[in-house]
Amino acid sequence: MNNLFLEGKKKRMSKREKIVIPNAEIERQKGFLLDIKNMTKSPKFAFIETYGCAQNVNDSEKLLGMLSMAGYEKTLDKEKADIIIYNTCAVRENAELKVFGNIGALKALKRKKEDLIIGVCGCMMQQEHIADQIRKKYKHVDIVFGTHALYRFGEILKNVLTEKERIIDITKSDGVIYEDMPISHTGTVSQGVSVMYGCNNFCTYCIVPYVRGRERSRLKEDIISEVKSIAEKGIKEITLLGQNVNSYGHDIENYIDFPDLLGEVSKVEGIERIRFMTSHPKDLSDKLIDEIASNKKVCAQLHLPIQCGSDNILKKMNRKYTKEEYLEKIKKVKEKIPNITLTTDIIVGFPGETNEDFEHTIDVLEKVRYDSVFSFIYSKRKGTPASVMEDVLTPEEKKKNFNRLLEVQNRISKEINDEYENKEYEILVEGESKTDINYLTGRTEGGKIVNFKGDKNLVGKIIKIKVTKAQTWSLFGEII
Ligand code: 5AD
Ligand code: SF4
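In this text the structure is predicted, and so the values were computed from the model without any measurement.

The rules behind the values
- Residues numbered from 1 in each chain as written.
- Chains lettered and ligands numbered in written order.
- Predicted model: local features only at pLDDT ≥ 70, side-chain atom pairs only at ≥ 80, totals over all residues.
- Heavy atoms only, no water.
- Helix = DSSP H or I, 4+ residues; strand = E, 2+ residues; numbered from the N terminus.
- Rg over C-alpha atoms; globule rule 2.2 N^0.38 Å.
- Buried < 20%, exposed > 50% of the residue type's maximum accessible area, 1.4 Å probe, protein only.
- Areas by Shrake-Rupley, 256 points an atom, 1.4 Å probe, with all protein chains shown as cover.
- Lys, Arg positive; Asp, Glu negative; His and termini not counted.
- Charge placed at Lys NZ, Arg CZ, Asp CG, Glu CD.
- Near = heavy atom within 4 Å.
- Polar contact = N/O pair within 3.5 Å; in protein donor to acceptor, adjacent residues only side chain to side chain.
- Nonpolar A, V, L, I, M, F, W, Y, C, P; charged D, E, K, R; others polar.
- Salt bridge = Lys/Arg side-chain N within 4 Å of Asp/Glu carboxyl O.
- Core = buried A, V, L, I, M, F, W, Y, C linked by side-chain atoms within 4.5 Å.
- Contact = heavy atoms within 4.5 Å.
- Phe/Tyr/Trp six-rings, centres within 6.5 Å; stacked < 30°, edge-to-face > 60°.
- Lys NZ or Arg CZ within 6 Å of the ring centre and 35° of its normal.
- Axes fitted to C-alpha atoms, helices over the stretch in contact; angles between N-to-C directions.
- Parallel < 35°, antiparallel > 145°, perpendicular 65-115°, else oblique.
- pLDDT = per-residue confidence, 0-100.

What follows deals with the overall build of the chain. Helix and strand counts for the chain come out as 15 helices and 19 strands. The C-alpha atoms of the chain give 23 Å as radius of gyration, which agrees with the globular expectation for 480 residues (23 Å, within 12%). In the chain, which comprises 480 residues, the proportion classed as buried is 54%. As displayed, the chain has an accessible area near 22400 Å², and 51% of this comes from carbon and sulfur atoms. Within the chain, the 73 negative side-chain charges are centred at a point lying 2 Å from the centre of the 78 positive side-chain charges.

In structure tokens, the structure reads:
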């Protein structure tokens, strides 16, 4: 018994050691960044465009940190840039098509400015067939690198600058963890912090496990020290990020779990609100529900993607829970945290989905009454098991179901928001409203957007407001 246990232990530890990049390598990579700073003119400018999820935003912050070490300043103007990087998303086809369109459009700029470096990175590039397409059809692109090569960006860029050759680095290393590389946090009021990378779940529609590798957790000391550095800048809210935060720590022997990590993070002085994303329903534990309920700094908000309400489709999706099990968890959450804000992700038109299956999804919406729903029409991803499954519904039928889902959810969201009218809430002020500069905007603990009139010096502060008007997507209020 003992031997077997030790065997298992050894195996797990060595697997982790294999993915952690040693300090010497990190120092070597920083050396390349400093070399670039010394060998190129200044000032020089970098333009980064990010597609997709919060993890990608986090990766772009790392890119920006590295570029800043190499002497680049951030610009929002492509014409002014010495380097343009697209950090891409592979989750759905429409995001990929947009990237191809935008890369194509850079051809003219490259012709005008020969020294311009064009780089494309992220999940989309981690797929061989896509990198190949860029290699063959988009010859004006200088650098292609996948998610696993991000920490090597300095080395790649230095080679491109000195050798004047294209570099395509999509080596599959099954993901790596590196600490102590520079990162430029871009949040002013709220900041994302990765707690783990990758995913082990292999939902049959999803490309993420193939492009981001297996789950690997950061050490709690590294997370806490990053959170402290964010709090020192006066930022009050953080969002802990991972594809499935509930399995945080499971890849490290005798380690703390996610609820305990929340407890540790909440001890950081200055941090007043903690959110997290994303939880897989199968792994949502009572302990996590209790931590949200009892820890004042952890916001009463839960994003719990159901994807579909039909057991038949959930099985085909490899989600490992049934509609009833999911509803049971939601019931528990609502009992323990009555003021919880609930959101979810739903895929409409997964292969094999019938109109009857879809009715189960509508039934879940009516039963759970989410505050809002992120809905997507299924998009075939090359190499995933679902990509060879047969459709039952036509594209038109899928679209009809999708529109019906939006209609049902919009009604529910508006009904829930109506309940906020004439009540008082604390909001963290985020900045000017994107739709009307006469308004400031902030979020309630549950993440609801509230627009109100007030002085810009309130940005970053937590203030009390009274909600005066509810809309489907947001609230209006006044300072009290
Ligand atoms: N097609 C449509 N939506 C998808 N998602 C993931 N893969 C696909 C796909 N192939 C959605 C899921 C996931 C969210 C981030 O994106 O709902 O939770
Ligand atoms: Fe994709 Fe499923 Fe992993 Fe989420 S849990 S990233 S949907 S495979």
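There's more to say after this.
With that settled, the discussion passes to the site of ligand 1. If you check the shell around ligand 1, you find Val91, Arg92, Tyr205, Gln307, Asp345, Ile347, Phe376, Ile377, Tyr378, Ser379 and Arg381 and nothing else. Between ligand 1 and the protein, one listed contact pairs an oxygen atom with a side-chain N or O atom of Asp345 at 2.6 Å. Coverage of ligand 1 by the protein amounts to 85% of the 400 Å² it exposes when considered alone. Only β13 (341-348) and β14 (372-377) provide two or more residues apiece to the shell around ligand 1. Taken together, the residues of the shell around ligand 1 break down into six nonpolar, two polar and three charged.

What follows is about the pattern of salt bridges. Where side chains of opposite charge bring their charged atoms close, a pairing between them can arise. Scanning the entire structure with this criterion turns up 34 salt bridges. Between Asp260 and Lys287 there is a salt bridge, and its shortest N-O distance comes to 3.1 Å. Of the two residues, Asp260 sits in helix α10 (residues 258-265) while Lys287 sits in helix α11 (residues 286-294), which places them 27 residues apart along the sequence. Judged by relative accessible area, Lys287 falls into the partly exposed class, the value being 38%. Each of Glu366, Arg369, Arg411 and Glu415 takes part in salt bridges that share partners, so that together they form one network.

Time to look at the nonpolar core. Counting residues in each nonpolar core, the largest one holds 78 residues, and the members touching the most others are Leu240, Phe258 and Phe276. The contacts of Leu240, once residues within four sequence positions are left out, are Val193, Val195, Val245, Phe258, Leu261, Leu262, Val265, Ile274, Arg275, Phe276 and Met277.

Attention now moves to the packing of aromatic side chains. If you walk through the whole model with that rule in mind, you get 12 aromatic pairs. Ring centres 5.3 Å apart and planes at 80 degrees place the aromatic pair Phe202 and Tyr210 in the edge-to-face group. Residue classification places Tyr210 among the partly exposed positions, given a relative accessible area of 30%. Sitting over the ring of Tyr72, Lys44 keeps its end group 5.1 Å from the ring centre.

Before going further, it helps to spend a moment on unusual backbone geometry. Excluding glycine, a negative phi dihedral is what most residues carry, and trans is how most peptide bonds are arranged. The peptide bond linking Ser42 to Pro43 adopts the cis configuration, its omega dihedral lying at 5 degrees. Within the fold, Pro43 resides in the loop between α2 (23-39) and β1 (44-50). The residue Asn254 is not glycine, and still its phi comes out positive at about 50 degrees. Residue placement: Asn254 occurs in the loop between β10 (237-241) and α10. Backbone geometry at Lys320 places phi at a positive 70 degrees, although glycine is not the residue there. Mapped onto the elements of the fold, Lys320 is located in the loop between α12 (311-316) and α13 (323-336).

A pair of packed helices can be characterised by two numbers: the angle between their axes and the separation between those axes. Two numbers describe how helix α14 (residues 355-368) lies on helix α15 (residues 395-418): the axes approach to 10 Å, and their chain directions differ by 10 degrees. With respect to α15, the axis of α14 lies roughly parallel. Facing α14, whose interface residues are Asn355, Phe358, Glu359, Thr361, Ile362, Leu365 and Glu366, α15 presents Glu397, Asn401, Arg404, Leu405, Val408, Gln409, Arg411 and Ile412. For the contact of α14 with α15, the residue count by class is six nonpolar, four polar and five charged.

Below, the discussion takes up the confidence of the model for the chain. In this model, the chain carries a mean pLDDT of 94, and residues with pLDDT of at least 70 account for 97%. The low-confidence segment residues 1-13 (pLDDT under 50) makes four contacts with residues lying over four places distant or belonging to another chain.

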